[in-house]
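Chain by chain, the residues:
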Amino acid sequence: MRIAIVAETFLPTVNGVTHSIQRMLDHFTDRGDDVLVIAPSSPHTEESGLDHAIRVERLTSVPLAGYSSVRLAVGGVARVRRILADFAPDIVHLASPFELGWRASRAAADLGLPVVAVYQTDVPGYLARYGLPLLEGWAWQRVEHIHCSADRTLAPSTSAVRQLEARGIPNIRLWRRGVDTSRFHPGRRSRAFRAGIAPDGVQLLGYVGRLATEKQVHDLRVLDGIDNTRLVIIGDGPLRPALESALPGAHFTGFLGGEDLAVAVASLDLFIHPGELETFCQTIQEAMASGIPVVATGRGGPLDLVDPSRTGWLYRPGDLAQLRSRVVDLVGDDAKRAAFAQAAFASVQGRTWPVLCESLIQHYEETMSDHALLRLRSRETP
């Protein structure tokens with residue numbers, strides 16, 4: 001198969017979208033597919049870690065104001081259309097489309113190419129969270145246009161499916177995310193890691209993710225003063241200095257990847273995610289695969305991932321007193337925490353990336369077939 005992936009964000013930026021694309025590329029390479037990635041340029045453009053057979057077209061980009069690690073591709077539809085026409089893909093995959101994805105959607109329509117659009121980032125919600133509510137309506141118009149133009153939209157959670165259905169977007173299918181259950185595993189737990197952070201043996205309460213406004217990491221201040229605990233913040237981002245001031249007792253690891261991340265996650269006692277704008281929340285799956293129970297906000301992707309009173313707890317969005325009480329409940333009950341950990345580990349087995357990527361291939365094949373049939377009918381209609 002010839003697959004064109006249009007990535008709103010790509011390496012060297014590391015986030016949920018990039019991680020998903022990397023796992024897809026691994027799978028497509030193993031299958032022998034021909035793959036083109038169209039992505040924004042970066043000051044560091046070497047494609048380290050990518051198979052040499054994968055072609056990457058970089059478009060001129062500019063950094064997002066206030067968040068320089070995020071870059072926006074600039075230019076018009078014509079450039080994207082020329083790249084797609086030259087590659088002649090069987091399918092166009094729009095990864096978390098918004099700006100570059102909007103142009104690619106129009107280019108693919110001009111060329112009569114089938115399109116799968118993957119909804120992964122709640123951009124309108126982000127704009128509201130960043131104090132730009134006047135742009136939220138405009139952002140939804142952009143999202144609706146892209147996904148209504150696509151032959152099929154893939155959403156990562158039942159919450160995201162309902163959200164898009166409420167906006168009138170058709171042809172939505174559920175496509176979750178995989179997890180590397182060999183990399184994220186309870187066997188990665190490290191006494192040395194724990195001793196370096198908590199030599200007195202306290203329990204480690206951990207968060208993993210970007211340190212940015214939309215993740216609501218400031219909400220973790222409510223956990224201050226819980227006996228026998230220390231907060232561990234894994235990740236980096238523009239809010240790190242402010243969070244270090246707001247959470248003076250927390251340990252900040254900075255960005256971790258690869259085996260270092262797997263060791264850090266498995267060495268926690270409890271994983272906490274306060275963000276309310278997660279369409280999926282991959283870090284929750286990784287924590288569960290590592291045998292770590294989860295406390296997360298009861299909105300969005302976590303609703304599908306956390307089974308309350310079995311693999312962790314959900315708390316009412318914005319109810320920080322309930323967040324604290326859920327954490328205290330598990331910190332104070334070793335037997336319950338161990339039972340939740342075991343159930344969390346069992347719940348994600350079988351959700352591997354190869355399984356999820358084969359499901360994606362099936363979506364591609366069905367979309368290509370539906371698109372061809374629709375074009376045939378349109379030609380037959382007088």
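That block above? That's the structure.
Conventions used here
- Residues numbered from 1 in each chain as written.
- Predicted model: local features only at pLDDT ≥ 70, side-chain atom pairs only at ≥ 80, totals over all residues.
- Heavy atoms only, no water.
- Helix = DSSP H or I, 4+ residues; strand = E, 2+ residues; numbered from the N terminus.
- Rg over C-alpha atoms; globule rule 2.2 N^0.38 Å.
- Buried < 20%, exposed > 50% of the residue type's maximum accessible area, 1.4 Å probe, protein only.
- Contact = heavy atoms within 4.5 Å.
- Areas by Shrake-Rupley, 256 points an atom, 1.4 Å probe, with all protein chains shown as cover.
- Lys, Arg positive; Asp, Glu negative; His and termini not counted.
- Charge placed at Lys NZ, Arg CZ, Asp CG, Glu CD.
- Pairing = 2+ DSSP bridges.
- Axes fitted to C-alpha atoms, helices over the stretch in contact; angles between N-to-C directions.
- Patch = residues over 30% accessible without salt bridge, like charges linked within 9 Å, V, L, I, M, F, W, Y side chains within 5 Å.
- Salt bridge = Lys/Arg side-chain N within 4 Å of Asp/Glu carboxyl O.
- Core = buried A, V, L, I, M, F, W, Y, C linked by side-chain atoms within 4.5 Å.
- 1 Å grid on protein atoms, 1.4 Å probe; cavity = no way out; pocket = protein on both sides within 12 Å on 5 of 7 lines; lining within 4 Å.
- Points joined across faces, edges and corners; volume = space filled by probe spheres on them.
- Nonpolar A, V, L, I, M, F, W, Y, C, P; charged D, E, K, R; others polar.

What follows concerns the overall build of the chain. Counting secondary structure elements, the chain contains 14 helices and 15 strands. In summary, the chain has a C-alpha radius of gyration of 21 Å against a globular reference of 21 Å for 382 residues, a match within 12%. Taken along the three principal axes of its C-alpha coordinates, the chain extends 75 × 40 × 40 Å. Here the chain, with 382 residues, has 53% of them falling under the buried criterion. Sequence separation of 24 or more characterises 66% of the internal contacts of the chain that already satisfy a separation of 6 or more. Taken as a whole, the chain presents about 16,100 Å² of accessible surface, with 52% of it coming from carbon and sulfur. A gap of 2 Å separates the mean positions of the 40 positive and 43 negative side-chain charges of the chain.

A separate point is the environment of Ile 233. Its place among the elements puts Ile 233 in strand S11 (residues 229–234). Taking the relative accessible area as the measure of exposure, Ile 233 reaches 0% and is therefore buried. Measuring from C-alpha to C-alpha, the distance between Ile 233 and Arg 210 comes to 9.7 Å, with 23 residues separating the pair along the chain. Not counting the four nearest positions on each side in its chain, Ile 233 is found in contact with Tyr 207, Leu 211, Val 217, Leu 220, Leu 247, Ala 250, His 251, Phe 252, Thr 253 and Gly 254.

Bringing helix H6 (residues 158–166) into the picture now. What H6 keeps buried is the set Ser 159, Ala 160, Val 161 and Leu 164. On its buried face, H6 sits against helix H5 (136–149), strand S8 (152–155) and strand S9 (172–174). Remark: Gly 168 follows H6 within two positions and exhibits a positive phi of approximately 80 degrees.

It is worth spelling out the sheet that holds strand S3 (residues 55–59) at this point. In any sheet, the strands associate via hydrogen bonds between backbone groups, in a parallel or an antiparallel arrangement. The seven strands lie next to each other as S3-S2-S1-S6-S7-S8-S9, forming an open sheet whose pairing is parallel. The open sheet has two edge strands, S3 and S9, and neither has a second partner. When strand polarity is set aside, the average angle formed by the axes of neighbouring strands in this sheet is 20 degrees. In this sheet, strand S2 (residues 34–40) lies alongside strand S1 (residues 2–7) in parallel orientation, the contact comprising five bridges. Bridge pairing in S2 links Ile 3 to Val 35.

Below, the discussion takes up the sheet that holds strand S15 (residues 312–315). Strand order in the open sheet made by the six strands is S12-S11-S10-S13-S14-S15, with parallel pairing throughout. With partners counted over all chains shown, the strands left at the sheet margins are strand S12 (251–254) and S15, one partner each. Each neighbouring strand pair of the sheet contributes to a mean axis angle of 20 degrees, computed without reference to strand direction. Relative to S12, S11 is paired through three bridges, and the arrangement is parallel. Note on S12: the bridge partner recorded for Val 232 is His 251. This element, helix H10 (residues 282–289), spans strand S10 (203–208), strand S13 (270–273) and strand S14 (294–297) of the sheet and lies at about 175 degrees to S13.

Moving on: a nonpolar patch on the surface. A cluster of nonpolar residues, Tyr 130, Leu 132, Leu 135 and Trp 138, forms a patch on the protein surface that exposes about 370 Å² of accessible area. Along the polypeptide, Tyr 130 turns up in the loop between helix H4 (123–129) and H5.

Turning our eyes to something else, we now look at the nonpolar core. Ranked by size, the top nonpolar core spans 31 residues in total, and within it Ile 234, Leu 261, Phe 271, Ile 284 and Val 294 carry the most contacts. Listed by contribution, the elements that provide at least two residues to this core are helix H7 (191–197), S10, S11, helix H9 (258–266), H10 and S14. In this view, Val 294 contacts Leu 270, Phe 271, Ile 284, Ala 287, Met 288, Val 306, Thr 311, Gly 312 and Trp 313; residues no more than four positions away in its chain are not counted. Within the second largest apolar cluster, 27 residues are counted, among which are Ala 39, Ile 91, Val 116 and Val 118.

On inspection of all chains with the given rule, the structure shows 25 salt bridges. A salt bridge links Arg 142 to Glu 99, with the shortest nitrogen-to-oxygen separation between them at 2.9 Å. With Arg 142 in helix H5 and Glu 99 in the loop between strand S6 (91–95) and helix H3 (100–111), the pair connects residues that are 43 residues apart, well separated along the chain. Arg 142 gets classed as buried once you look at its relative accessible area, which sits at 12%. Judged by its relative accessible area of 24%, Glu 99 is partly exposed. The residue Arg 194 makes a salt bridge to Asp 269 at a minimum N-O spacing of 2.9 Å. Within this pair, whereas Arg 194 is found in helix H7, its partner Asp 269 is found in the loop between H9 and S13, the two being separated by 75 residues in sequence. For the pair shown, Arg 194 and Asp 269 are each scored as buried. Overlapping salt bridges, with partners in common, bring together Arg 55, Glu 57, Arg 79 and Asp 86 in one network.

Per the stated rule, a full pass over the model turns up two cavities of 30 Å³ or more. Empty space within the largest cavity amounts to approximately 50 Å³. Taken together, Val 17, Ser 20, Ile 21, Met 24, His 93, Ala 95, Val 118, Gln 120, Trp 175 and Arg 177 make up the full set of residues lining the largest cavity. Of all elements in the fold, only helix H1 (16–31) and S6 reach the threshold of two or more residues within the lining of the largest cavity. Take the lining of the largest cavity: its biggest share by element is four residues, from H1. Of the residues that constitute the lining of the largest cavity, the class distribution is six nonpolar, three polar and one charged. Roughly 30 Å³ of internal volume is contained in the second largest cavity. Every residue along the wall of the second largest cavity is listed here: Ser 96, Pro 97, Val 118, Tyr 119, Gln 120, Thr 121, Val 143 and His 147. For the lining of the second largest cavity, the residue count by class is four nonpolar, four polar and no charged.

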